[in-house]
Amino acid sequence: MYLRHITRLFTAMAGPRPVVFSGPSGAGKSTLLKKLIKEHENVFGFSVSHTTRNPRPGEENGRDYHYVTREAMQAAINNGEFIENAEFSGNLYGTSKAAVQAVQAKNLICILDIDMQGVKNIKKTDLNPMYISIQPPSMEILEKRLRDRNTESEESLRKRLHAANVDMELSKEPGMFDVVIVNDNLEDAYKNLKQALLEEINKVKKTKTSS
Ligand SMILES: Nc1ncnc2c1ncn2[C@@H]1O[C@H](COP(=O)(O)OP(=O)(O)OP(=O)(O)O)[C@@H](O)[C@H]1O
Ligand SMILES: Nc1nc2c(ncn2[C@@H]2O[C@H](COP(=O)(O)O)[C@@H](O)[C@H]2O)c(=O)[nH]1
């Protein structure tokens, strides 16, 4: 009885295991994770990254990203405020310690949406997340999705497709990801994602009902 109480207390203090989403730009990470958070808002929380890129129509400061200048972001990086950061397609992106702590303080599964450099850097930390790769069915479909999204200049599109090719190669490295989900049909991909996370979802639900 006493041991069970201590174990429960320790689990609550450590917080549930975070989940890292990675994969080429345009593969469907945001689409899938937004669905997941909407369906399980008491289970998952999004780690709001910082970026120097401009907001897209419909994006909100503090919800999708913290939009900052390069000078401000570099100063915060130098000040040790980030767990990881990377240059992607001409802009800086990074996960602040505060962003992850804000989610963990609510005892939610912290979701990080980060590029491959971020994955490599997170692996050097003690965050110990589950790593999920979201991949497109083909590079042709990826390009079409990115073009149809209408968010990128031709230059940015070129950089993102180049990074996507590198990503797809690196993701083949054994042990890089715990789960790979090919996002062809959206509903199928979402079903596979929920299946992969079922155990973690149930763990969080259980701690919430027992506390
Ligand atoms: N299964 C799917 N079938 C068709 N279109 C999709 C599918 N999944 C996502 N999309 C569309 O593809 C585009 C890219 O998806 P999304 O923005 O979620 O990708 P992302 O991986 O988050 O990209 P980024 O890394 O650039 O933020 C969006 O317009 C989205 O609506
Ligand atoms: N290493 C990090 N990568 C990040 C972070 N936040 C987002 N990203 C990745 O950047 C690209 C482009 O995102 P977009 O919103 O401009 O399309 C994408 O692959 C994201 O996963 C971060 O904090 N660190």
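Residues numbered from 1 in each chain as written. Chains lettered and ligands numbered in written order. Predicted model: local features only at pLDDT ≥ 70, side-chain atom pairs only at ≥ 80, totals over all residues. Heavy atoms only, no water.

- Looking at an unreviewed UniProt entry, the protein carries the name Guanylate kinase, with the source organism given as Poecilia reticulata.
- Under the UniProt heading Sequence similarities (unreviewed entry), the entry covering the protein gives this text: "Belongs to the guanylate kinase family."
- UniProt, in the comment section headed Catalytic activity (unreviewed entry), describes the protein in these words: "GMP + ATP = GDP + ADP". (UniProt positions renumbered as here; feature names shortened; annotations may be inferred.)

## A few points about the pairing of strand β9 (residues 179-182)
Part 1 of the argument: By the alternation rule, side chains of β9 split into Val179 and Ile181, which are all buried, and Val180 and Val182, of which none is buried.
Part 2 of the argument: Sheet topology places strand β8 (residues 130-135) next to β9; 4 bridges connect them, and they run parallel. Bridged to Gln135 within β9 is Val182. (Buried < 20%, exposed > 50% of the residue type's maximum accessible area, 1.4 Å probe, protein only. Helix = DSSP H or I, 4+ residues; strand = E, 2+ residues; numbered from the N terminus. Pairing = 2+ DSSP bridges.)

## Describing the environment of Val48
Part 1 of the argument: Following the sequence through the fold, Val48 ends up in the loop between β2 (44-46) and β3 (50-51).
Part 2 of the argument: According to the relative accessible area criterion, Val48 is buried, its value standing at 12%.
Part 3 of the argument: The residues touching Val48, leaving out its near neighbours within four places in the chain, are Gly62, Arg63, Asp64, Tyr65, His66 and Ala99. (Contact = heavy atoms within 4.5 Å.)

## Overview of the site of ligand 2
Part 1 of the argument: Around ligand 2 sit 17 residues, and of these Ser49, Arg53, Tyr65, Tyr93 and Asp113 come closest.
Part 2 of the argument: Contact between ligand 2 and Arg56: an oxygen atom at 2.7 Å from a side-chain N or O atom of the residue.
Part 3 of the argument: One of the side-chain nitrogen or oxygen atoms of Glu84 is found 2.7 Å away from a nitrogen atom of ligand 2.
Part 4 of the argument: Protein burial of ligand 2: of its 510 Å² of free accessible surface, 95% is covered by the chains.
Part 5 of the argument: Going through the elements one at a time, β5 (82-88) and β6 (91-96) are the ones with two or more residues in the shell around ligand 2.
Part 6 of the argument: Residues that form the shell around ligand 2 fall into these classes: 5 nonpolar, 4 polar and 8 charged. (Near = heavy atom within 4 Å. Polar contact = N/O pair within 3.5 Å; in protein donor to acceptor, adjacent residues only side chain to side chain. Areas by Shrake-Rupley, 256 points an atom, 1.4 Å probe, with all protein chains shown as cover. Nonpolar A, V, L, I, M, F, W, Y, C, P; charged D, E, K, R; others polar.)

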